[in-house]
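Close look at the chain arrangement
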Amino acid sequence: MRLLLSKFRIPVSDVVVIPDMTYPPSAQTKNWFDALTHDFVRKDDDATNQNSNVPVIKESELMAQKPKTFNFMRLRELLLQYSTEANLVVMTLPISRKGTVSGPLYMSWLETLTANMPPFLLVRGNQASVLTFYS
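Residues numbered from 1 in each chain as written. Predicted model: local features only at pLDDT ≥ 70, side-chain atom pairs only at ≥ 80, totals over all residues. Heavy atoms only, no water.

1. Considerations on the pairing of strand β4 (residues 120-123)
For the record, the criterion: A strand pair is defined by DSSP finding two or more bridges across the two strands. To qualify as a helix, a DSSP run of H or I must reach at least 4 residues; to qualify as a strand, a run of E must reach at least 2; elements of each kind are numbered from the N terminus. Here, the term right-handed applies to a crossover whose path from the first strand over the helix to the second runs clockwise when the strands point away from the viewer.
Here strand β3 (residues 89-92) runs beside β4; their pairing, made up of 4 bridges, is parallel. Each bridged residue has a counterpart across the sheet, and for Val89 the counterpart in β4 is Phe120. With helix α5 (residues 103-114) bridging β3 and its parallel neighbour β4, the resulting β-α-β unit is right-handed.

Below you can see the structure in the form of structure tokens.
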């Protein structure tokens with residue numbers, strides 16, 4: 001990895017390989033996310049959801065997206081552990097398919113990644129890792 005980054009003239013002092021992303025997030029991180037989304041979560045049968053322009057996250061959506069949400073929470077923990085001293089954090093912008101995730105939930109995911117972090121650059125890509133260099 002160090003050699004690859006040096007070809008792009010990116011100075012690297014440490015490379016840390018994260019061995020496992022499958023651990024569940026801590027209770028503290030779950031509580032933080034619950035507090036973040038508290039004002040937006042509504043029951044599916046809540047009558048106020050029907051004709052309101054207020055953005056909401058339905059409980060069924062939150063349950064359906066639970067694995068992905070846990071993944072973002074775990075990423076937050078790792079970012080806090082390894083990147084709080086960074087000058088800049090660069091990450092691929094998570095893309096969701098239209099109609100599968102509500103706007104408030106998607107924005108909550110982005111807030112989960114970037115809140116209380118150093119400057120953060122989310123780069124829009126096509127979900128394919130591509131590095132091109134000319135020697």
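2. What about α5?
Each α-helix winds once per 3.6 residues, and so residues spaced three or four apart point in a common direction. To keep it simple, the criterion reads: Helices are assigned an expected span. That span is 1.5 Å times one less than the residue count. Burial classes: relative accessible area under 20% of the type maximum marks a residue as buried, over 50% as exposed, and values in between as partly exposed (1.4 Å probe, protein chains only). Pairs of residues are marked as contacts when any of their non-hydrogen atoms sit within 4.5 Å.
Taking 1.5 Å as the rise per residue, α5 with 12 residues should run 16 Å; its terminal C-alpha atoms sit 17 Å apart, in good agreement. Every buried residue of α5 is accounted for by Pro104, Leu105, Tyr106, Ser108, Trp109, Leu110, Thr112 and Leu113. Next to the buried residues of α5 lie α2 (27-37), β2 (57-58), α3 (59-64), α4 (66-82), β3 and β4. Directly beyond the C-terminal end of α5, a positive phi value near 60 degrees is found at Asn116.

3. Looking at the packing of α2 against α4
To be explicit about the condition: In this analysis, axes come from line fits to C-alpha atoms, helices being fitted only over the stretch in contact, and the angle between any two N-to-C directions falls in the range 0 to 180 degrees. In this scheme the crossing of two helices becomes right-handed for a clockwise turn of the near helix relative to the far one and left-handed for an anticlockwise turn of less than a right angle. Amino acids are sorted into nonpolar (Ala, Val, Leu, Ile, Met, Phe, Trp, Tyr, Cys and Pro), charged (Asp, Glu, Lys and Arg) and polar (every other residue, Gly among them).
Viewed as axis vectors pointing N to C, α2 and α4 meet at an angle of 115 degrees, and their least axial separation amounts to 10 Å. Taken as a pair, α2 and α4 cross one another with a handedness that is right-handed. Facing Thr29, Lys30, Trp32 and Phe33 of α2, the residues of α4 in contact are Thr69, Phe70, Met73, Arg76 and Glu77. Classifying every residue of the contact of α2 with α4 gives 4 nonpolar, 2 polar and 3 charged.

4. Details of the packing of aromatic side chains
Two descriptors summarise a pair of aromatic rings, namely the distance from one centre to the other and the angle between the planes of the rings. The line we're drawing: The criterion for an aromatic pair is that two Phe, Tyr or Trp rings (for Trp, the six-membered ring) have centres within 6.5 Å, with stacked assigned to planes under 30 degrees apart, edge-to-face to planes over 60 apart and tilted to the rest. Distance and angle both matter: a charge sits over a ring if NZ of Lys or CZ of Arg is within 6 Å of the ring centre and within 35 degrees of the ring normal.
Summed over all chains, the structure comprises 1 aromatic pair. Where Phe72 meets Trp109, the ring centres are 4.8 Å apart and the plane angle is 25 degrees; that geometry is what we call stacked. Here Phe72, found in helix α4, pairs with Trp109, found in helix α5; they are 37 residues apart in sequence, far enough to count as distant. Neither residue differs from the other here; Phe72 and Trp109 are each classed as buried. Between the NZ or CZ atom of Arg76 and the centre of the ring of Trp32, over which it lies, the distance is 4.0 Å.

5. Here we look at the environment of Met91
Note on placement: Met91 falls in strand β3. For Met91, a relative accessible area of 17% gives the class buried. C-alpha of Met91 to C-alpha of Val123: the two residues are 32 residues apart in sequence and 6.2 Å apart in space.

6. A closer look at the pattern of salt bridges
The following threshold applies: The salt bridge criterion pairs a side-chain nitrogen of Lys or Arg with a carboxyl oxygen of Asp or Glu, the two atoms within 4 Å.
This model, assessed by the stated rule, comprises 2 salt bridges. For the salt bridge of Glu59 with Lys43, the shortest nitrogen-to-oxygen distance reads 3.9 Å. One end of the pair, Glu59, is in helix α3; the other, Lys43, is in the loop between β1 (41-42) and β2, and 16 residues separate them in sequence. Its relative accessible area of 49% is what places Lys43 among the partly exposed residues. Ionic pairing is found between Glu77 and Arg74, a salt bridge with its closest N-O pair at 3.1 Å. Of this pair, Glu77 and Arg74 are both found in helix α4, 3 residues apart, which corresponds to roughly one turn of the helix. Residue Glu77 is classed as buried on the basis of its relative accessible area of 16%. Its relative accessible area of 12% is what places Arg74 among the buried residues.

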